[in-house]
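# Tertiary structure, described
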Amino acid sequence: SKNAFAPDSVVEQTLPAGAQHGINYNSDGSVTFVFYEKDKNGKRYDWCYLIGEFNNWERKSEYAMKRDESAGCWWITCDGFESGKEYMFQYMTGNDDVRLRLSDPYSEITYEGNDQWISASTYPSMRQYPSQTSGYVSAFEIGRSSYNWNVTDFKIEDSNDLIIYELLLRDFTENGGKEGNLKNAKAKLDYLETLGINAIELMPIQEFDGNDSWGYNPNSYFALDKAYGTRDMYKKFIDECHKRGMAVILDIVFNQTQNHPYYTLYGGTANNPFLNESAPHNWSVLNDWNQGNAWLQDHFCKMLQYWIKEYNIDGYRFDLAKGLGTNESYANDYDGGKYNESRIAIMKKYTDAVWKAKKDAYAIYEYFVDGAEEKVMADYGGLSWRAFTD
């Protein structure tokens, strides 16, 4: 029974100096895992363990995570891992009534049960999902080889003259989406070049539930969805776009999630600091992020910088920018047409994060009304989706 489990006593200890949230690769070959967990009332679960294929997915005393209460984090440093070998893992946290298995919110790759339906041509040598666990699984690898970029200094001459092709990898190539992948899309780049475009906007490619989606149901912001290919395939696609003078812009979804770890932690309850019990605006789908949460904003800022640094992307299209205000901002603003200072502050914060990583990157906001906010952000240097044209 659940109550038969006797957890180890929690050791209170400060995080190692310099440790960041997520997976930290240390110079001595060890790995430090840091997982933030604290509800809206400042409370935490009773225990947290690192489980994975290195301990048969079981809670063991040597993998009981320590707690830094001031940082709100569970953490543990482990060693003995082989360089060049990938290890799957999860965090298991809970109390007498709750058992949760969670992926790392900062993981660069996640696995799920539906991966078995991804074709070998799309994702060669797909790893088998572990039968001993459930839910989303993260992975890490010491000494993972890096991609050698052919184009390292790409730049569009005039950011006000973007001719963008919006591309859903699932549907861009044929066979009903089963072979709608990066490999086949890359083979069509010469065709796209003949159209005269100078930018491709990829509809959401961050890990989403299942394999068949437009991508507006993200569950991990640092992992790419494997339904389109491997991490190196994504990089090769971007490199080939740059060779042809085409920028790559990512469509990102900061309004909602389906099964992100921060949702799984506390569900759609009043205790969840990251998400709202119910959306404060009329555009809600799935589980609505609490945009005013400073921790979540920091998570998004780190993500924006990560994709630029790691994948050489050229900018972002912010989906539903009118939904990125604090909860209080929507009391009398359900049409999104009124001026709201919180939306301006949040969009400037995200835009600054983008420009800190790449000063000439594109920040494109999905605005569909003609209002004062659009003018402010345009003057700030951003670009807007605005007019509808039949």
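### Looking at the layout of surface pockets
Computed from the structure, the largest pocket encloses a volume of approximately 690 Å³. If you trace the largest pocket, you find 27 residues lining it, with Ile23, Tyr106, Glu108, Tyr306 and Glu310 closest to the centre. For the lining of the largest pocket, the secondary structure elements donating two or more residues are strand S1 (22-25), strand S9 (137-141), helix H4 (231-243) and helix H6 (294-311). Ranked by residues supplied to the lining of the largest pocket, first place goes to H6 with five residues.

### Observations regarding helix H7 (residues 341-357)
Taking 1.5 Å of rise per residue, the 17 residues of H7 would be expected to cover 24 Å, and the 25 Å separating its terminal C-alpha atoms lies within 8% of that figure. Buried residues of H7: Ser342, Arg343, Ile344, Ile346, Met347, Tyr350, Thr351, Ala353 and Val354, and no others. Residues of H7 that are buried sit in contact with H6, strand S15 (315-318), strand S16 (362-366) and helix H8 (372-380).

### Describing the side chain of histidine 242
Of note, histidine 242 is situated in helix H4. The class of histidine 242 is buried, set by a relative accessible area of 6%. In contact with histidine 242, other than residues within four places in its own chain, are Val151, Phe154, Ala247, Val248, Asn312 and Asp314.

### Thoughts on the nonpolar core
Judged by nonpolar contacts, the single largest core of 91 residues is most densely connected at Phe33, Ile200, Phe254, Leu304, Tyr316 and Phe318. Tyrosine 316 has contacts with Ile249, Leu250, Ile252, Met303, Leu304, Gln305, Trp307, Ile308, Val354, Tyr362, Ala363 and Ile364, leaving out every residue within four places of it along the chain. If you look at the next biggest cluster of nonpolar residues, it comprises 14 residues, including Trp47, Ile51, Met88 and Tyr111.

### Describing the state of the cysteines
Scanning the model with the defined rule gives zero disulfides in all. Distance from the sulfur of cysteine 73, which forms no disulfide, to the nearest cysteine sulfur (cysteine 48) is 11 Å.

### So, the packing of H6 against H7
Here H6 crosses H7 at 30°, and the two axes come no closer than 8 Å. As judged from the angle between their axes, H6 and H7 are roughly parallel. Of the two possible hands of crossing, H6 and H7 adopt the one that is right-handed. Here Gln297, Phe300, Cys301, Leu304, Gln305, Ile308 and Lys309 of H6 lie close against H7, whose contacting residues are Ile346, Lys349, Tyr350, Ala353, Val354, Lys356 and Ala357. Residue classes in the contact of H6 with H7 are distributed as nine nonpolar, two polar and three charged.

### Re the sheet that holds S1
The sheet built from four strands is open, its strands ordered S1-S2-S5-S4 with antiparallel pairing. In this open sheet, the two edge strands, each paired with only one partner strand, are S1 and strand S4 (66-68). The average angle at which neighbouring strand axes cross in this sheet is 25°, direction not considered.

### Notes on the environment of phenylalanine 5
Mapped onto the fold, phenylalanine 5 is located in the segment before S1. Each C-alpha atom, one on phenylalanine 5 and one on methionine 92, is 13 Å from the other, the two residues being 87 residues apart in sequence. In this view, phenylalanine 5 contacts Trp47, Tyr49, Arg59 and Arg99; residues no more than four positions away in its chain are not counted.

### Observations regarding the sheet that holds strand S12 (residues 247-252)
One open sheet holds the six strands; their spatial order is S10-S11-S12-S15-S16-S17, and the pairing between them is parallel. Sheet topology places strand S10 (164-167) and strand S17 (383-385) at the edges, where each strand pairs with a single neighbour. Strand-to-strand twist of the sheet, defined as the mean angle between neighbouring strand axes without regard to direction, takes the value 25°. For S15 and S16, the ladder comprises four bridges, and the chain directions are parallel. For tyrosine 316, the partnering residue across the bridge sits in S16 and is alanine 363. Together, strand S11 (199-202) and S12 form the strand contacts of H4, whose direction differs from that of S12 by roughly 135°.

### Things to note about the environment of asparagine 282
Note that asparagine 282 resides in the loop between helix H5 (261-266) and strand S14 (287-288). For asparagine 282, a relative accessible area of 61% puts it in the exposed group.

The rules behind these values
Residues numbered from 1 in each chain as written. Predicted model: local features only at pLDDT ≥ 70, side-chain atom pairs only at ≥ 80, totals over all residues. Heavy atoms only, no water. 1 Å grid on protein atoms, 1.4 Å probe; cavity = no way out; pocket = protein on both sides within 12 Å on 5 of 7 lines; lining within 4 Å. Points joined across faces, edges and corners; volume = space filled by probe spheres on them. Helix = DSSP H or I, 4+ residues; strand = E, 2+ residues; numbered from the N terminus. Expected span 1.5 Å × (residues − 1). Buried < 20%, exposed > 50% of the residue type's maximum accessible area, 1.4 Å probe, protein only. Contact = heavy atoms within 4.5 Å. Core = buried A, V, L, I, M, F, W, Y, C linked by side-chain atoms within 4.5 Å. Disulfide = S-S within 2.5 Å. Axes fitted to C-alpha atoms, helices over the stretch in contact; angles between N-to-C directions. Parallel < 35°, antiparallel > 145°, perpendicular 65-115°, else oblique. Left-handed = near helix turned anticlockwise from the far one by under 90°. Nonpolar A, V, L, I, M, F, W, Y, C, P; charged D, E, K, R; others polar. Pairing = 2+ DSSP bridges.

Treat this as a map of the structure, not an account of what it does.
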